[in-house]
Each structure stands twice: as structure tokens, then as C-alpha cells.
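Residue-level listing of the chains:
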Amino acid sequence: MRYVLALDQGTTSSRAILFDRNCAIVAVAQREFPQIFPRPGWVEHDPRDIWTSQAEVAAEAIRKANLTAANVEAIGITNQRETTVVWDRQSGQPIYNAIVWQDRRTASLCERLKLEKKDREIRRKTGLVVDAYFSATKLQWILRHVKGARARARSGQLAFGTVDSWLVWNLTGGRVHVTDPSNASRTMLFDIARGEWDDDLLALFGVPRSMLPEVRTSSEVYGETRLLGAPIPIAGIAGDQQAALFGQACTKPGMVKNTYGTGCFMLMNTGATAIRSKNRLLTTVAWRIGDRTEYALEGSIFIAGAVVQWLRDGLGIVRTAAEVETLARSVPDTHGVYLVPAFAGLGAPHWDQYARGTIVGLTRGTGAAHIARAALEAIALQVRDVLLAMEADAGIRLRELRVDGGASGNDLLMQMQADLLNTRVIRPRVAETTALGAACLAGLAVGYWGNAAAIERRWQTDRTFVPSMTRRERATITSGWARALARAKSWEFP
């Protein structure tokens, strides 16, 4: 028996999942790793923690299935995007911690680019808004602030990569330095129309071309790893949200998925057309397979599942994330409470780097259950904001939303989502669609699955949530949300 191994490197944990030919899960291993918060608004990871945790769970998943590396047909990689790693090519050691996608330290650099009117050129070439979220200003910060980094970079001693590149480098013992277009398109250094690193953008951010990984397709053999006991080809790479789009079988234009992870990410497949958003969404590469590049519209929400973690770790009103649904169900509504989880600013479609988290509507009768319910409602309301912008850009009315990610298992949240969108919400049988997408891209490259249609036929529904809220109830909640957002925006000034 042969299987495909997906390495799913996320913001708070590393996972490895084995899939069989029916796209069913055979074994899972997961390990959390430390989050580093040196200053308010700064978020870092030790790249060595990323690598060691990922290597450990890869071996563990194979052991759990009572298999060996010889049973693994290929490895697919999916990863937290935008997170920036710089390392020494000779030693393989990082020169600084990974700066995480949530990190806001470069907000002032982004403001300067806007004042200098550079944001228009950046958006035209990359499809991105200028924001600290993306990799370019993070890389620029490392080159400026780590002693000797700029000179070492110019002399070709340093390598840059998003987390996929860092993993492939380590898996291949430093022999392969690559990325794919889905990850490259998140750096703010990549021209999505030409499919190449852009020299003007590299000059703008002071990044030597020698640092950059080679951009390959999302489904091909890049090299092999021998670290698990036998040679295994590494054959698929996609950023986590694009991988989830593929794993949800959203391979036709107009299909939409939303992933509920640390953040929330909604993507609409737009096919071979890169739709330029008029509503402050991102235009991004979905994947490149063979010589065909497909694009997506994306709305990125910085804080989703992380607000539940905050209820647990910050407020201590629940002991486990799973308890939030029970607590929230104990009250019929939020009692007028709104929680805006702008802990790292607001993403699409607001793009306010200076927004901060806010709770409004508190009274003496407010309890932990109301706050818990408001937190779940906030996730669904943020998603609604993005969906309205996406429908306006694409000129279509969404008929269904496919969902995945950890919080998609929360039935109350999914019903809230259906109610607030007034749209069917469909949860698949295999909720690990991010890992599945990476596995499918790798499996296609080595012939494990014959074509994308063979994968699509294996996609199955677990549950469909149908809207039940009245128009008046929906209008009351959404108007209150708009008022709460207004109070959270521009809380901190540049």
C-alpha cells in the first residue's frame, strides 16, 4: 500500500497527515511550538522550532500508521504564508527569528510607501495592498536591523524564503531552494502577471536577487528527502489557503471556500483571469500546474480562531477551545455585546493597521457566555464583510460556501455563518482540506491520482447548514457590528 504525506506547517503547530487514494486520512501527528512576542505587535517563531516540530511529526505519522518511508509515494507541503525566514547558506542557520505574518512592526514602513505613492505600482504588479502582513517589509527589516545582514546578502551568503522554502531546504539537506507561485505571490516582490520576481520591487525593498528561491510550479518533483528512512520525492507546494482551495475541490471559477484557522481566509477561484479588486481584496495566485496559472480573489482576516485562544489563555473563561460552543449556547444572544478582535489590526476589506481589539455594549448583566457568543459572532461577521466585497468584485451572488479548518467543527459558529450570509454553508467530510490540497498536488505530480477530476469525485459533504435567521434579525446584528467596527478603527495612530 502506498500513501501521500502532507506536511501542514501552521502558525501555532506543525502537523503531518497521511492520505490514501480515496483522500481518507490514515494517520495524523501534531505538535505545537512556542510563540514569541518580543514587543507589543511583534510576533516571531524560532525557525528551528518550525523545522524540528515538522520533522518529528512527519516521522510520527508514519509510525502511527505502522508504515515506513518506503510506503510514502510523495510529500506535499503547505504552510503559513508571508512568514519570513532568512538563513545562512553555508551553515543553514537562521540569522534571526522568523517574522510571522501577524507581526506589525513594519506598519510605519508601509505608511511611508503609501505617502510616496509606491502602493499603486505594488498593487498593480502583485495584486496586494501595502501592509505589514506581507513578506517584503519583514525581509527589509531583517536586512536593516541584523548586524552585517545586508553585506552578507549582497555577497550571496544569505537565503530568504517563506516557510515552504525553509522546509524544503532542510528536507533536502540544503540542496534545493525553491518556492511555488502561490507563496511567491504573498511576498510583495512577485509580478503575478509575468510569474516572476520583479527587479523594480527588489530594488524598492533593497533585496538582492541572490537571496530568492527559484519559483517552480505547485505540482512537480523538486527533489527528494532521505531523512525519514528512504528516499521520498517532495512533489507539491502551496500556501495554506490556496492548498485548502484545491483540497475543497474549488477548481472551477466562482467556487469559494473559507478556512477558519488562527485567522480566516476566504478564496474565490477566478480561473486564468486575475480579477483586480475594487473592494480592497487581494488578487493572488491560486496555483500553477504545468503551464497554466490560476488565480483567486482573497479576503484575509487576521484573527478568527485566535480569538477563541484568547478567551482561553487571556481571559481564562474556558479551559479548552471546545468549551466555547457550550458556553456560547447557554445564552440566546450576545445581549447587545460586540467583540471586534482587531488584535493585529484589521485585514480585508478594511486594511486598518492601527485598529485594535474592542468590546462594546457591556452592561452589568453581561457575563462570560455573552462574550463567548460575541467572539463567535465576530468571526462570522468578519467573514460576511469579506464575502460582500467578493461578490461585488466578481459580480455574482454566492450560492454556497465551503468551509474547513479547526473552527468549522463548531456547529454554532457554522449556523451563525449561514444565518449572517443568508447562504448555505457546506462542511466536507474531510475537514483537513489544507493538508489534503498539498497531498493532492504532490500526488498529481507523481501519478498517484490521474488528474484533478479524479480528486474532485472523492470530495464529500459532511453537513450543510441552512440559513434560518430573519432579515430583520440579520440587519440588527450587522448594523451594530458596523458601529462597533467604527470604534475599533484607527485606535492607535501612526
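Residues numbered from 1 in each chain as written. Predicted model: local features only at pLDDT ≥ 70, side-chain atom pairs only at ≥ 80, totals over all residues. Heavy atoms only, no water.

A. Looking closely at the sheet that holds strand E2 (residues 13-19). Read from one edge to the other, the open sheet built from six strands follows the order E3-E2-E1-E5-E14-E13, with strand pairing classed as mixed. Each having just a single partner strand, strand E3 (25-32) and strand E13 (219-225) make up the two edges of the open sheet. Here the strands of the sheet are splayed against their neighbours by 25° on average, with no regard to which way each runs. Bridge count between E2 and E3: seven bridges; the pairing is antiparallel. Of the residues in E3, the one forming a bridge with Ala16 is Ala29. Contacts between helix H1 (residues 47-64) and the sheet are confined to strand E1 (3-9), E2, E3 and strand E5 (72-79), with E2 contributing the most and set at about 30° to the helix. Of the strands in this sheet, E1, E5, E13 and strand E14 (232-239) touch helix H6 (residues 163-171), which is tilted by about 145° from E5. (Pairing = 2+ DSSP bridges. Helix = DSSP H or I, 4+ residues; strand = E, 2+ residues; numbered from the N terminus. Axes fitted to C-alpha atoms, helices over the stretch in contact; angles between N-to-C directions. Contact = heavy atoms within 4.5 Å.)

B. Seen up close, the packing of aromatic side chains. Enumeration according to the criterion identifies 15 aromatic pairs in this entry. Plain terms: the ring middles of Tyr133 and Phe134 are 4.6 Å apart, the flat faces sit at 40° to each other, and that makes the pair tilted. Residue Tyr133 is classed as buried on the basis of its relative accessible area of 0%. Of the residues examined, Phe134 reaches a relative accessible area of 0% and is grouped as buried. An aromatic cluster is present here, built from Trp101, Tyr133, Phe134, Phe265, Phe302 and Trp351 joined pairwise through their rings. Cation over ring: Arg105 sits above Trp141, and NZ or CZ is 4.5 Å from the ring centre. (Phe/Tyr/Trp six-rings, centres within 6.5 Å; stacked < 30°, edge-to-face > 60°. Buried < 20%, exposed > 50% of the residue type's maximum accessible area, 1.4 Å probe, protein only. Lys NZ or Arg CZ within 6 Å of the ring centre and 35° of its normal.)

C. Structural context of the pattern of salt bridges. Enumeration over the complete set of coordinates arrives at 38 salt bridges. Notably, a salt bridge pairs Arg194 with Glu196, separated by 2.5 Å at the nearest N-O pair. In this structure Arg194 comes out as partly exposed when scored by relative accessible area, which is 44%. You can call Glu196 partly exposed: its relative accessible area is 41%. (Salt bridge = Lys/Arg side-chain N within 4 Å of Asp/Glu carboxyl O.)

D. Representation of the pairing of strand E21 (residues 400-404) in the model. Counting buried residues in E21 gives four out of five residues, a clear majority hidden from the surface. Examined bridge by bridge, strand E15 (residues 256-260) and E21 share three bridges and lie parallel to one another. Bridge pairing in E21 links Lys257 to Arg402. Summarising the sheet, E21 and strand E22 (residues 424-428) pair through three bridges and their orientation is parallel. Bridge pairing links Arg402 to Ile426 in E22.

E. Looking closely at the packing of helix H2 (residues 107-115) against helix H4 (residues 135-145). Running from N to C, H2 and H4 point in directions that differ by 115°, and their axes come no closer than 10 Å. The angle between the axes of H2 and H4 places the two elements in the roughly perpendicular class. The hand of the H2/H4 crossing is right-handed. The segment H2 lies against H4, with Leu109, Cys110, Arg112 and Leu113 engaging Thr137, Gln140 and Arg144. Residues that form the contact of H2 with H4 fall into these classes: three nonpolar, two polar and two charged. (Parallel < 35°, antiparallel > 145°, perpendicular 65-115°, else oblique. Left-handed = near helix turned anticlockwise from the far one by under 90°. Nonpolar A, V, L, I, M, F, W, Y, C, P; charged D, E, K, R; others polar.)

F. Spatial organisation of the side chain of Thr172. Within the secondary structure, Thr172 sits in the loop between H6 and strand E9 (178-179). Accessibility expressed as a relative area gives 1% for Thr172, which makes it buried. In terms of polar contacts, Thr172 uses its side chain to reach the backbone amide nitrogen of Val176, at 3.2 Å. Dropping the residues within four chain positions of it, Thr172 is found in contact with Glu224 and Ile234. (Polar contact = N/O pair within 3.5 Å; in protein donor to acceptor, adjacent residues only side chain to side chain.)

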